Amino acid sequence: MADFAFKVKTVEPITLLSKSERKRKLMECGYNPFGLKSRDVYIDLHTDSGTGALSQDQWAALMLGDEAYSGSRSFDELAKSVETVFGYTKFIPTHQGRGAEKILYPLLVKKLKEGRGHHQQDKKSVFISNFHFDTTAAHVELTGALALNCVIREAYDTQTEHPFKGNMDTGKLKAEINERGADCVAGIIMTVTCNSMGGQPVSMQNMKDVYEIAKHYDIPVIIDSARFAENAYFIKQREAGYGDKSIQTIVTEMYQYGDMMTLSAKKDPMVNIGGILAIRDDMDLYRQVEMMCIVNEGFVSYGGLAGRDIQCLAVGLLEAVDENYLRARIRQVEHFGRLLKEAGIPIQTPVGGHAIFIDAGAMLPHIPAHQFPGQALANELYLEGGVRCAEIGSFLLGRDPETGEQKESECELTRLAIPRRVYSNEQLEYVVDVLTRIKAKAETIPGYDFEYEPALLRHFLARLLPIT
Ligand SMILES: *Cc1c(COP(=O)(O)O)cnc(C)c1O
């Protein structure tokens, strides 16, 4: 069946620099593609965040934005879309997903502590997630709480086939709650899809089971929703009983297994900037969210966004659950994954929603973890073909804060993130060719060492040197 869902209307030129220029550019940015200028990149698979192509309806919506400081028409449009898609009526817009996290997590910890007796204030609070996204973990930790991950074991094995590798291990979840005491768990965070595990989906059954456990212990469930629509598509494809349901019906059910949600609108809703924090019932919590929104983001009807961004997001939310679009989206990622597998490139299987993860440790076995095989492969992709992508492994993981020793990641990965509605299959086939050429000379590729290593979140600004 043909699955074309759109055609191109606006174009942005790209050029491939010569090999010697690419060599120079990579050297100049300290062998860290984060530092490359986008004009020097040919195919940019660095991230799927904020990089999607807007639709004609979204471009039109930008012109309709109402820039009133309060009570804007654009806010009303967004409220309609939020209620239609998620069924939640109490919400604020935020400048990004992390804006929502910054407001919500301290309030949940405060609420938990208020529920405890005076003599119990020192007990450590925790959040338990299938897997905390990095900014989510950072905001949890900034409140003084602990961020625990309880994803199922299969998620860590790139070669095991499992339809829902993003699932929470419910046995482990219960064990953690019982061990720490329910009065120490400030919230359970379901990340859909599970970004850090390669965009792997969470099943409806798992969302339901986790919600039942949470209600038993009276713990709130937060749905971290960046890729909620891709998750719903996987449920439709892979979970018994959902094949005939519409994406919207599936999303509506998913959000009954949550009490609140944070959303990075830069992912599935395909806007360049924006986020949402929504709450199902808790009016008291919502009142506090409103107050903190004004302090941090701006008045509750604009939350750090221009009216036109809000209007554009109102449209993007509806387009995110459009099944024709989603089919084209997921099939493109699947097609890309299939070609890579046929070319003998080791990738995580099954492929997730928004990215392909290459097992760089398997592809470059001669490079030890502390010389960063994932980063070596990312650099080679730029040298060989002008392709930019990101390392997800020991380079990203960093050092043990206590001993200063390099931590060793469970897997050394290179992530090819696919922006939405941006590249053609032919362009992705070019990336397959580049990787095939790299594979043929894999043993000649060097590992890396630091020239400059920042103390915090080093992967953004670090400079490296190839080890000769
Ligand atoms: C991107 C992302 C966030 C943070 O959102 P920003 O818009 O980048 O601030 C949070 N959670 C998940 C799962 C994400 O993918």
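Residues numbered from 1 in each chain as written. Predicted model: local features only at pLDDT ≥ 70, side-chain atom pairs only at ≥ 80, totals over all residues. Heavy atoms only, no water.

### Notes on the overall build of the chain
Turning to step 1, where the next piece is worked out: Helix and strand content of the chain: 16 helices and 14 strands.
Turning to step 2, where the next piece is worked out: On C-alpha atoms alone, the chain measures out to a radius of gyration of 22 Å, which is about the 23 Å that the 2.2 N^0.38 rule sets for 468 residues.
Turning to step 3, where the next piece is worked out: Expressed as lengths along the three principal axes of its C-alpha atoms, the size of the chain is roughly 60 × 55 × 45 Å.
Turning to step 4, where the next piece is worked out: The 468 residues of the chain split such that 55% are buried.
Turning to step 5, where the next piece is worked out: The contacts of the chain with a sequence gap of at least 6 include a subset with a gap of at least 24, amounting to 72%. (Helix = DSSP H or I, 4+ residues; strand = E, 2+ residues; numbered from the N terminus. Rg over C-alpha atoms; globule rule 2.2 N^0.38 Å. Buried < 20%, exposed > 50% of the residue type's maximum accessible area, 1.4 Å probe, protein only. Contact = heavy atoms within 4.5 Å.)

### Considering the state of the cysteines
Turning to step 1, where the next piece is worked out: Counted under the stated rule, the structure contains 0 disulfides.
Turning to step 2, where the next piece is worked out: Cys-194 supplies the cysteine sulfur nearest to Cys-150, a cysteine that is in no disulfide, at a spacing of 12 Å.
Turning to step 3, where the next piece is worked out: According to the relative accessible area criterion, Cys-150 is buried, its value standing at 1%. (Disulfide = S-S within 2.5 Å.)

### Some thoughts on the UniProt feature "modified residue: N6-(pyridoxal phosphate)lysine" (unreviewed entry) in the chain
Turning to step 1, where the next piece is worked out: The UniProt feature table records "modified residue: N6-(pyridoxal phosphate)lysine" (unreviewed entry) at Lys-267.
Turning to step 2, where the next piece is worked out: Structurally, the position occupied by Lys-267 is in the loop between strand S7 (260–264) and strand S8 (275–279).
Turning to step 3, where the next piece is worked out: You can call Lys-267 buried: its relative accessible area is 8%.
Turning to step 4, where the next piece is worked out: Sequence-distant contacts of Lys-267, that is, excluding residues within four places in its chain, are made with Asp-48, Ser-49, Ala-226, Arg-227 and Arg-420. (UniProt positions renumbered as here; feature names shortened; annotations may be inferred.)

### Brief notes about the sheet that holds strand S12 (residues 413–417)
Turning to step 1, where the next piece is worked out: Judged by pairing direction, the sheet is antiparallel, and its 3 strands sit side by side in the order S9-S12-S11 without closing on themselves. Each edge of the open sheet is held by one strand with a lone partner, namely strand S9 (355–359) and strand S11 (390–392). On average, each strand axis in the sheet is inclined to that of its neighbour by 35°, with strand direction left out of account.
Turning to step 2, where the next piece is worked out: On top of the sheet, helix H14 (residues 373–385) reaches S9, S11 and S12; it is set at about 45° to S12, its chief contact. (Pairing = 2+ DSSP bridges. Axes fitted to C-alpha atoms, helices over the stretch in contact; angles between N-to-C directions.)

### With respect to H14
Turning to step 1, where the next piece is worked out: The end-to-end C-alpha separation of H14 is 18 Å, in line with the 18 Å expected for 13 residues at 1.5 Å each.
Turning to step 2, where the next piece is worked out: Gly-386 sits one or two residues past H14 and shows a positive phi near 70°. (Expected span 1.5 Å × (residues − 1).)

### Some details on the packing of helix H3 (residues 73–86) against helix H9 (residues 247–254)
Turning to step 1, where the next piece is worked out: The interhelical angle for the contact between H3 and H9, taken along N-to-C directions, is 85°, at an axis separation of 7 Å. Viewed along their axes, H3 and H9 adopt a mutual orientation that is roughly perpendicular. Here H3 contributes Thr-84, Val-85 and Phe-86 to the contact with H9, which in turn contributes Gln-248, Val-251 and Thr-252.
Turning to step 2, where the next piece is worked out: A class-by-class count of the residues in the contact of H3 with H9 yields 3 nonpolar, 3 polar and no charged. (Parallel < 35°, antiparallel > 145°, perpendicular 65-115°, else oblique. Nonpolar A, V, L, I, M, F, W, Y, C, P; charged D, E, K, R; others polar.)

### A closer look at the UniProt feature "domain: Aromatic amino acid beta-eliminating lyase/threonine aldolase" (unreviewed entry) in the chain
Turning to step 1, where the next piece is worked out: The UniProt entry lists residues 44–432 under the feature "domain: Aromatic amino acid beta-eliminating lyase/threonine aldolase" (unreviewed entry), expressed in the numbering used here.
Turning to step 2, where the next piece is worked out: Each end of residues 44–432 is marked by a C-alpha atom, and these two atoms are 14 Å apart; helix forms 44% of the span and strand 13%.

### So, the site of the ligand
Turning to step 1, where the next piece is worked out: If you check the shell around the ligand, you find 15 residues, and the closest are Gln-96, Arg-98, Asp-224, Ser-264 and Lys-267.
Turning to step 2, where the next piece is worked out: The separation between an oxygen atom of the ligand and a polar main-chain atom of Gly-97 is 2.9 Å.
Turning to step 3, where the next piece is worked out: With respect to the ligand, the side chain of Arg-98 contributes an N or O atom lying 2.6 Å from an oxygen atom.
Turning to step 4, where the next piece is worked out: In isolation the ligand offers 380 Å² of accessible surface; the protein chains occlude 98% of this area.
Turning to step 5, where the next piece is worked out: Mapped by element, the contributors of at least two residues to the shell around the ligand are helix H4 (97–114) and helix H5 (134–142).
Turning to step 6, where the next piece is worked out: A total of 3 residues in the shell around the ligand trace back to one element, the largest contributor, which is H4.
Turning to step 7, where the next piece is worked out: Residues belonging to the shell around the ligand are distributed by class as follows: 2 nonpolar, 7 polar and 6 charged. (Near = heavy atom within 4 Å. Polar contact = N/O pair within 3.5 Å; in protein donor to acceptor, adjacent residues only side chain to side chain. Areas by Shrake-Rupley, 256 points an atom, 1.4 Å probe, with all protein chains shown as cover.)

### Some thoughts on the sheet that holds strand S4 (residues 146–149)
Turning to step 1, where the next piece is worked out: The strand order S2-S8-S7-S6-S5-S3-S4 describes an open sheet built from 7 strands, whose pairing is mixed. In this open sheet, the two edge strands, each paired with only one partner strand, are strand S2 (90–94) and S4. Strand-to-strand twist in this sheet, taken as the mean axis angle between neighbours without regard to direction, amounts to 20°.
Turning to step 2, where the next piece is worked out: Both strand S3 (residues 126–129) and S4 contribute to a ladder of 4 bridges, which runs parallel. By the bridge assignment, Ser-129 is partnered in S4 with Asn-149.
Turning to step 3, where the next piece is worked out: Strands S3, S4, strand S5 (185–191) and strand S6 (221–224) of the sheet are contacted by H5, whose axis makes an angle of about 140° with S4.
Turning to step 4, where the next piece is worked out: Helix-sheet contacts for helix H6 (residues 170–180) involve S3, S4 and S5, and the interaxial angle to S3 is about 170°.

### Considering the nonpolar core
Turning to step 1, where the next piece is worked out: Core analysis: the biggest nonpolar cluster contains 63 residues, and Phe-86, Ile-188, Phe-228, Met-254, Tyr-255, Ile-276 and Leu-317 have the highest contact counts within it.
Turning to step 2, where the next piece is worked out: Taken domain by domain, this core gets at least three of its residues from each of domain 1 (19–48 + 323–466) and domain 2 (57–320).
Turning to step 3, where the next piece is worked out: Not counting chain neighbours up to four residues away, the residues in contact with Phe-228 comprise Val-85, Phe-86, Val-192, Val-251, Met-254, Tyr-255, Leu-263, Asp-268, Pro-269, Leu-317, Ala-320 and Val-321.
Turning to step 4, where the next piece is worked out: Leu-381, Phe-395, Val-434 and Leu-464 belong to the second largest nonpolar core, which has 45 residues in total. (Core = buried A, V, L, I, M, F, W, Y, C linked by side-chain atoms within 4.5 Å. Domains from an automatic or database assignment.)

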